[in-house]
Amino acid sequence: MMRKLSVIGLLAVGLVILNASATMAGDAFLKGGYKKFRGEYDCDFCTWIVSGGSDYKLIPYLSLGFEVQYSHKKVEEESFNWLNLYINAKVYGYGGSVRPYVGGGIGLQTATEWTGDFEDTTFTKNVGYQFVGGVAIGPPGALGLVLEAQLQLPKDLDGITAIHFMAGITF
C-alpha cells in the first residue's frame, strides 16, 4: 500500500509539471528541498520533499496558483508518505528579473497523529495552511531559479508544524 502511495505521489507531481503552462504569463515550477518538523519531536521524520505547481498572474504583482507536494520517509520498518495539495496566492515585491515574494495558501494536508510508537502513528487528511517567502530569479514564464522557505500549519494550529527549505526551477 505504501509503495502504491509513493508512486501516486510522484505521478501527481509529474502531471502538474506536464500540465503547467506559461500561457497566462505566470510561472510553472519544480522544487525540491528538506522538510523539518518543529516542536518537541526530534528529526526522525525529517526528510526530502519534492513539489510542483504553477502560478498565474492576476495583476502585475499578484498571482494565484496551486502546488502539489510529496515526501516519503522510512523509519525502522514503517513507511510514511505525505501528500499535500495547496491553492496559494503570492504578492511580488518587484517586477524585474529578481522577484522577491511572500504568500500563503490553504489546502489538503497530510496531518500526523502521534499516538506513541511508530506502529501506532496514523495519518489523516485535513485542511492546512501554508505561508511562503522566497525569491524568483528570471522573467515570468521563462526558465529561471526559485529559492523558497515554507511554513506549514495544521488546521487546529496546536498540531505539529513543518518548515520546508526549497530550491528549484521556474519555466
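Residues numbered from 1 in each chain as written. Predicted model: local features only at pLDDT ≥ 70, side-chain atom pairs only at ≥ 80, totals over all residues. Heavy atoms only, no water.

### A few points about the overall build of the protein chain
Then step 1. For the protein chain, the helix and strand inventory stands at one helix and eight strands.
Then step 2. Listing each helix as α and each strand as β along the protein chain from the N terminus yields α-β-β-β-β-β-β-β-β.
Then step 3. Counting the 171 residues in the protein chain, one finds 42% classified as buried.
Then step 4. Of the accessible surface of the protein chain, which amounts to about 8900 Å², a share of 66% is contributed by carbon and sulfur atoms. (Helix = DSSP H or I, 4+ residues; strand = E, 2+ residues; numbered from the N terminus. Buried < 20%, exposed > 50% of the residue type's maximum accessible area, 1.4 Å probe, protein only. Areas by Shrake-Rupley, 256 points an atom, 1.4 Å probe, with all protein chains shown as cover.)

### Here we look at the pattern of salt bridges
A pair can form between side chains of opposite charge whenever their charged atoms are brought close.
Then step 1. On inspection of all chains with the given rule, the structure shows five salt bridges.
Then step 2. The shortest N-O distance in the salt bridge between Asp27 and Arg99 comes to 3.0 Å. Note that Asp27 is positioned in strand β1 (residues 27-37) and Arg99 in strand β5 (residues 98-113), a separation of 72 residues in sequence. Here Asp27 matches Arg99 in class, with each residue buried.
Then step 3. Note that Lys31 is salt-bridged to Glu67, the shortest N-O span being 3.5 Å. Of the two residues, Lys31 is situated in strand β1 and Glu67 in strand β3 (residues 62-75); the sequence distance between them amounts to 36 residues. Here the two residues Lys31 and Glu67 agree in accessibility, since each one is buried.
Then step 4. Bridged by salt links that share partners, the residues Lys31, Asp55, Glu67, Lys90 and Glu148 form one connected network. (Salt bridge = Lys/Arg side-chain N within 4 Å of Asp/Glu carboxyl O.)

### Quick word on a nonpolar patch on the surface
Then step 1. There is a patch of nonpolar side chains on the surface, built from Leu30, Val98, Ile137, Leu143, Leu145 and Ile169 and spanning about 520 Å² of accessible area.
Then step 2. Mapped onto the fold, Val98 is located in strand β5. (Patch = residues over 30% accessible without salt bridge, like charges linked within 9 Å, V, L, I, M, F, W, Y side chains within 5 Å.)

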